[in-house]
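One-letter residues, chain by chain:
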Amino acid sequence: ERFLSRRVRNMQESQTMKISGLAKKMQAEGKDIVSLSAGEPDFPTPENVCEAGIEAIRSGFTRYTANGGIPELKKAIIRKLSRDNGLEYVENEIIVSNGGKQTLANTFLALCDEGDEVIVPAPYWVSFPEMARLAGATPVIVETSIETGYKMTPEQLAAAITPKTRILVLNSPSNPSGAVYNKAEVRALMKVLEGKEIFVLSDEMYDMICYGGVRPFSPARILEMKPWVIVSNGTSKSYSMTGWRIGYLAAPKWIIDACDKIQSQTTSNANSIAQKAAVAALDGDQSIVEERRAEFEKRRDFMFRELNTIPGIECTLPEGAFYIFPSIKGLLGKTFGGKVMKDSADIAEYLLKDHYVATVPGDAFGAPENLRLSYAASIEELTEAVNRMRKAFA
Ligand code: PLP
């Protein structure tokens with residue numbers, strides 16, 4: 001173990017994976033766990049998408065493809081970005097990778113040198129700081145608060161910038177908070193970056209899962225900023241395709257070429273079968289995306305209403321993704337299950353071990369006074385979870 005590289009020693013294990021692992025283990029032992037820790041839709045992959053995958057296997061489309069993805073899929077991605085996001089790209093500005101995770105990791109590797117800084121607003125998705133570190137960069141965490149709906153303000157951004165800043169990470173809709181930056185907010189942040197040589201890594205993985213008529217606004221929509229913006233997305237969440245591993249980037253050609261180079265020496269192309277399935281997902285009937293979004297919205301409303309009635313818990317209304325991220329500040333310092341609750345890790349452990357509800361502590365997302373609950377679960381399961389929580393904190 002003493003031979004472990006410094007790079008890996010400096011990394012943290014994914015907390016979300018850890019707690020869902022423990023929940024799975026308890027489940028396997030026959031415990032009746034309600035799991036709200038999942039980072040994936042509970043819906044199956046749509047039928048037409050599965051069929052396209054099966055057809056790819058049957059027709060022998062099972063070999064290496066072009067490293068950066070098949071032209072057919074790149075074209076489908078270009079149509080999607082235009083249709084849903086108002087973004088115009090050409091084929092050499094697109095790369096297909098093994099999930100959204102790989103597109104992000106490649107971007108950090110492509111743009112960061114040792115000592116560069118990457119601004120990450122907290123609460124953040126667990127992998128951003130770790131990926132930046134893996135690329136030799138230093139994550140600079142900007143704390144946001146419930147007062148701004150967990151969104152970074154232009155003043156905070158300006159204060160975080162140094163001559164070493166290379167990348168700003170924006171994730172809207174956000175995992176874990178569900179916050180969505182509107183057009184005015186994105187414009188105000190981009191104004192701070194004007195004339196500075198800072199890239200924006202815009203993780204738009206949840207772009208199709210927004211509520212109450214909200215639509216996210218990509219920073220790449222601002223033409224002066226487009227040369228500095230890297231748009232990351234994938235089929236994992238919108239099309240319930242987490243296991244298929246398809247992610248993609250839209251960015252200036254030189255960045256795409258760099259990611260292509262990295263990918264060619266590490267993983268090569270994304271799965272050939274999954275690429276065909278992704279074409280079907282992006283080009284096929286989109287009504288299923290809306291149906292599922294509407295279902296998530298009902299669950300969001302339910303969770304927001306119910307959780308806010310539990311004393312000590314305070315929620316902001318998530319505008320996107322499928323997580324709710326209550327502040328549990330009001331529960332800290334209290335004793336439950338014979339233990340004083342110091343932070344969200346204590347709360348999550350207590351909920352899992354004593355009440356069989358799996359959640360993810362906010363520590364993992366840089367927010368130790370919050371808890372992340374995924375509502376990618378049926379209303380019955382959510383009702384059960386809320387009832388158990390009410391009892392747990394009574
Ligand atoms: N970006 C965000 C914000 C996510 O929440 C996730 C998955 O949890 C990803 C990227 C990665 O997605 P994929 O499963 O396609 O690698």
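Reading guide: rules and limits
- Positions within a chain are numbered from 1, following the residues in the order the chain's sequence is written.
- Local features in a predicted model are, by the rule used here, given only for residues with pLDDT of at least 70; side-chain atom pairs are given and counted only at 80 or more, and totals for whole chains, interfaces and linings are based on all residues.
- UniProt positions are given in the numbering used here, feature names are shortened, and annotations may be inferred rather than shown by experiment.
- Simply put, an axis is a line fit to the C-alpha atoms, just over the touching stretch for a helix, and the angle between two N-to-C directions goes from 0 to 180 degrees.
- Put simply, DSSP marks the helices as runs of H or I at least four residues long and the strands as runs of E at least two long, and each gets a number from the N terminus on.
- Working rule for angles: under 35 degrees goes down as roughly parallel, over 145 as roughly antiparallel, 65 to 115 as roughly perpendicular, anything else as oblique.
- It is the C-beta atoms, placed from the backbone, that decide contacts: two residues are in contact if theirs lie within 7 Å.
- For this classification, the nonpolar set comprises Ala, Val, Leu, Ile, Met, Phe, Trp, Tyr, Cys and Pro, the charged set comprises Asp, Glu, Lys and Arg, and every other residue, Gly included, is treated as polar.
- Residues are counted as near a molecule or strand when the C-beta atom, derived from backbone positions, lies within 6 Å of that molecule or strand.
- The start and end points of each domain follow an automatic or database-based domain assignment.
- The span one expects for a helix is its residue count, reduced by one, times 1.5 Å.
- The exposure scheme places C-beta atoms from the backbone and then counts, for each residue, the other C-beta atoms within 10 Å of its own, assigning buried at 20 or more, exposed at 12 or fewer, and partly exposed in between.
- The pairing criterion is simple: DSSP has to find at least two bridges between the two strands.
- A crossover counts as right-handed when, viewed with the strands pointing away from the observer, the path leading from the first strand over the helix to the second turns clockwise.

- An unreviewed UniProt entry annotates the protein as Aminotransferase of Chlorobaculum thiosulfatiphilum.
- Within the UniProt record for the protein, the comment given under Sequence similarities (unreviewed entry) is "Belongs to the class-I pyridoxal-phosphate-dependent aminotransferase family."
- Looking at the protein in UniProt, the text filed under Cofactor (unreviewed entry) is "pyridoxal 5'-phosphate".

1. Things to note about the packing of helix H12 (residues 344-355) against helix H13 (residues 379-392)
Stage number 1. Where H12 meets H13, the axes come as close as 11 Å, and the angle between the chain directions of the two elements is 105°. Judged by the inter-axis angle, H12 sits roughly perpendicular to H13. Contacts between H12 and H13 involve Leu351, Asp354 and His355 on the former and, on the latter, Arg388, Met389, Lys391 and Ala392.
Stage number 2. Looking at the contact of H12 with H13 residue by residue, the class counts come to three nonpolar, one polar and three charged.

2. Details of the site of the ligand
Stage number 1. In the vicinity of the ligand, 13 residues are found, and the nearest of them are Gly99, Gly100, Lys101, Asn175 and Ser236.
Stage number 2. In terms of residue count, helix H5 (residues 99-111) provides more of the shell around the ligand than any other element does, three residues in total.
Stage number 3. Each residue belonging to the shell around the ligand can be placed in one class, and the counts come to two nonpolar, nine polar and two charged.

3. Describing the domain arrangement of the protein
Stage number 1. Partitioning the protein into domains gives domain 1 (6-44 + 288-392) and domain 2 (62-283).
Stage number 2. Taking only C-alpha atoms, the centre of domain 1 and the centre of domain 2 are 25 Å apart.
Stage number 3. Taken together, the contact pairs 35 residues of domain 1 with 32 residues of domain 2.
Stage number 4. Broken down by secondary-structure element, the contributors of at least two residues to the side of domain 1 that touches domain 2 are helix H2 (15-28), helix H11 (287-307) and strand E9 (323-324).
Stage number 5. When its residues are assigned to classes, the side of domain 1 that touches domain 2 shows 15 nonpolar, twelve polar and eight charged.

4. Looking at the UniProt feature "domain: Aminotransferase class I/classII large" (unreviewed entry) in the protein
Stage number 1. The positions UniProt marks with the feature "domain: Aminotransferase class I/classII large" (unreviewed entry) are residues 31-388.
Stage number 2. End-to-end, the C-alpha atoms of residues 31-388 are 14 Å apart, and along that stretch the chain is 38% helix and 15% strand.

5. As for helix H10 (residues 272-283)
Stage number 1. Taking 1.5 Å of rise per residue, twelve residues should cover 16 Å, and H10 covers 17 Å from first to last C-alpha, within 8% of that figure.
Stage number 2. With nine of its twelve residues buried, H10 lies for the most part within the structure.
Stage number 3. Burial in H10 covers these residues: Ala274, Gln275, Lys276, Ala277, Ala278, Val279, Ala280, Ala281 and Leu282.
Stage number 4. Buried-residue contacts for H10 involve helix H3 (47-58), helix H4 (71-85) and strand E2 (94-97).

6. With respect to the sheet that holds strand E6 (residues 199-203)
Stage number 1. Taken together, seven strands build an open sheet; the order of strands is E2-E8-E7-E6-E5-E3-E4 and the sheet is mixed. Of all the strands in the sheet, the pair left with one neighbour each is E2 and strand E4 (138-143). On average, each strand axis in the sheet is inclined to that of its neighbour by 20°, with strand direction left out of account.
Stage number 2. Note that E2 and strand E8 (residues 247-250) share four bridges and pair antiparallel.

7. A word on the pairing of strand E5 (residues 165-171)
Stage number 1. Counting buried positions over the seven residues of E5 gives seven, a clear majority of the element.
Stage number 2. Where strand E3 (residues 117-122) meets E5, three bridges bridge the pair, whose relative direction is parallel. Paired with isoleucine 119 across the two strands is leucine 168, which belongs to E5.
Stage number 3. With five bridges connecting them, E5 and E6 associate as parallel partners. If you follow asparagine 171 over to E6, its bridge partner there is aspartate 203.
Stage number 4. Taken together, E5, helix H8 (residues 183-193) and E6 form a β-α-β motif whose crossover is right-handed.

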